[in-house]
Amino acid sequence: MSTASGKPDTRTAMRRLIEEARATFPFDAPEAQICADGCDGCSMKLLEFIGQQLDEWEVRLDDGERPDFGDLHRLGRLCRKTFDVLKRNGLVDTPI
Ligand code: SF4
(Lines give C-alpha, C1' and ligand atoms only; values in the text may rest on other atoms or scores of the structure.)
Protein backbone atom coordinates (compact mmCIF):
# COMPACT_ATOMS: atom_id res chain seq x y z
CA MET A 1 0.00 0.00 0.00
CA SER A 2 1.71 3.22 -1.11
CA THR A 3 1.01 6.67 -2.47
CA ALA A 4 2.09 7.97 -5.88
CA SER A 5 5.22 9.33 -4.19
CA GLY A 6 6.06 5.83 -2.99
CA LYS A 7 5.46 6.67 0.67
CA PRO A 8 3.41 4.12 2.60
CA ASP A 9 -0.12 5.42 3.00
CA THR A 10 -0.74 5.01 6.69
CA ARG A 11 -3.96 7.04 6.49
CA THR A 12 -5.49 4.45 4.13
CA ALA A 13 -4.16 1.59 6.27
CA MET A 14 -5.73 3.14 9.37
CA ARG A 15 -9.06 3.64 7.59
CA ARG A 16 -9.03 -0.02 6.51
CA LEU A 17 -8.24 -1.21 10.00
CA ILE A 18 -11.10 0.87 11.40
CA GLU A 19 -13.49 -0.47 8.73
CA GLU A 20 -12.50 -4.07 9.45
CA ALA A 21 -12.87 -3.57 13.19
CA ARG A 22 -16.32 -2.01 12.74
CA ALA A 23 -17.38 -4.91 10.53
CA THR A 24 -15.99 -7.53 12.91
CA PHE A 25 -16.92 -6.40 16.42
CA PRO A 26 -20.56 -6.63 17.58
CA PHE A 27 -20.99 -2.96 18.53
CA ASP A 28 -24.75 -3.10 18.01
CA ALA A 29 -25.36 -6.32 19.90
CA PRO A 30 -27.76 -5.97 22.83
CA GLU A 31 -26.35 -6.08 26.34
CA ALA A 32 -28.26 -9.31 26.99
CA GLN A 33 -26.18 -10.98 24.27
CA ILE A 34 -22.83 -9.53 25.31
CA CYS A 35 -23.27 -10.12 29.02
CA ALA A 36 -23.37 -13.89 29.02
CA ASP A 37 -22.85 -16.16 32.01
CA GLY A 38 -19.25 -16.77 33.00
CA CYS A 39 -17.44 -13.98 31.13
CA ASP A 40 -13.74 -14.54 30.60
CA GLY A 41 -12.72 -10.86 30.44
CA CYS A 42 -15.30 -8.08 30.14
CA SER A 43 -16.46 -7.93 26.51
CA MET A 44 -18.66 -4.94 27.31
CA LYS A 45 -15.79 -2.77 28.57
CA LEU A 46 -13.52 -3.84 25.72
CA LEU A 47 -16.14 -3.00 23.11
CA GLU A 48 -16.68 0.38 24.70
CA PHE A 49 -12.96 1.08 24.78
CA ILE A 50 -12.20 -0.05 21.24
CA GLY A 51 -15.25 1.86 19.98
CA GLN A 52 -13.87 5.04 21.55
CA GLN A 53 -10.46 4.43 19.98
CA LEU A 54 -12.00 3.92 16.52
CA ASP A 55 -14.14 7.08 16.88
CA GLU A 56 -11.11 9.04 18.02
CA TRP A 57 -8.98 7.91 15.09
CA GLU A 58 -11.74 8.70 12.61
CA VAL A 59 -11.89 12.26 13.90
CA ARG A 60 -8.10 12.56 13.75
CA LEU A 61 -8.02 11.23 10.17
CA ASP A 62 -10.85 13.60 9.20
CA ASP A 63 -8.73 16.41 10.64
CA GLY A 64 -5.93 15.43 8.25
CA GLU A 65 -3.67 13.65 10.73
CA ARG A 66 -1.27 11.05 9.36
CA PRO A 67 -0.78 8.12 11.76
CA ASP A 68 2.66 6.60 12.04
CA PHE A 69 3.44 2.88 12.05
CA GLY A 70 3.43 2.85 15.84
CA ASP A 71 -0.18 4.13 15.84
CA LEU A 72 -1.20 1.42 13.37
CA HIS A 73 0.61 -1.23 15.37
CA ARG A 74 -1.01 -0.15 18.66
CA LEU A 75 -4.54 -0.08 17.26
CA GLY A 76 -3.98 -3.40 15.46
CA ARG A 77 -2.71 -5.01 18.66
CA LEU A 78 -5.68 -3.66 20.61
CA CYS A 79 -8.04 -5.09 17.96
CA ARG A 80 -6.40 -8.50 18.20
CA LYS A 81 -6.53 -8.53 22.02
CA THR A 82 -10.17 -7.49 21.92
CA PHE A 83 -10.88 -10.15 19.31
CA ASP A 84 -9.29 -12.86 21.48
CA VAL A 85 -11.46 -12.00 24.48
CA LEU A 86 -14.65 -11.70 22.39
CA LYS A 87 -13.86 -15.04 20.77
CA ARG A 88 -13.42 -16.72 24.16
CA ASN A 89 -16.82 -15.32 25.09
CA GLY A 90 -18.39 -16.63 21.86
CA LEU A 91 -19.16 -13.21 20.36
CA VAL A 92 -16.95 -13.28 17.21
CA ASP A 93 -15.44 -15.97 15.05
CA THR A 94 -13.80 -14.37 12.00
CA PRO A 95 -10.36 -12.93 12.79
CA ILE A 96 -9.41 -9.40 11.71
S1 SF4 B 1 -18.06 -9.01 32.86
FE2 SF4 B 1 -18.61 -7.44 31.35
S3 SF4 B 1 -19.48 -8.53 29.65
FE4 SF4 B 1 -19.51 -9.91 31.40
S5 SF4 B 1 -21.52 -9.64 32.38
FE6 SF4 B 1 -20.11 -8.23 33.36
S7 SF4 B 1 -20.34 -6.32 32.23
FE8 SF4 B 1 -21.17 -7.93 30.96
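Further up the page is the structure itself.
Note that this is a predicted model, so its numbers are computed, not measured. (Residues numbered from 1 in each chain as written. Predicted model: local features only at pLDDT ≥ 70, side-chain atom pairs only at ≥ 80, totals over all residues. Heavy atoms only, no water.)

Visitor: Requested: an account of helix α1 (residues 10-24), with residues and values cited.
Guide: Spanning 15 residues, α1 covers 21 Å between terminal C-alpha atoms, matching the ideal 21 Å at 1.5 Å per step. If you check which residues of α1 are buried, you get T10, A13, M14, L17, I18 and A21. Angularly, the buried residues of α1 cover 135° about the axis, an arc narrow enough to put them on a single face. Across from the buried face of α1, at angles greater than 90 degrees, the exposed residues are E19 and A23. Against α3 (43-62) and α4 (69-88) lie the buried residues of α1. (Helix = DSSP H or I, 4+ residues; strand = E, 2+ residues; numbered from the N terminus. Expected span 1.5 Å × (residues − 1). Buried < 20%, exposed > 50% of the residue type's maximum accessible area, 1.4 Å probe, protein only. Arc of directions from axis to C-beta. Contact = heavy atoms within 4.5 Å.)

Visitor: Describe in detail the site of the ligand, supporting the description with residues and values.
Guide: Taken together, I34, C35, C39, C42, S43 and M44 make up all the residues around the ligand. Classifying every residue of the shell around the ligand by side-chain character gives five nonpolar, one polar and no charged. (Near = heavy atom within 4 Å. Nonpolar A, V, L, I, M, F, W, Y, C, P; charged D, E, K, R; others polar.)

Visitor: Any chance you could break down the environment of F27 for me, citing the residues and the numbers?
Guide: Its location among the elements puts F27 in the loop between α1 and α2 (31-34). Spatially, the C-alpha atoms of F27 and L47 are 6.7 Å apart, while their sequence positions differ by 20 residues. Beyond its immediate chain neighbours, meaning those up to four positions away, F27 contacts A21, R22, L47, I50, G51 and L54.

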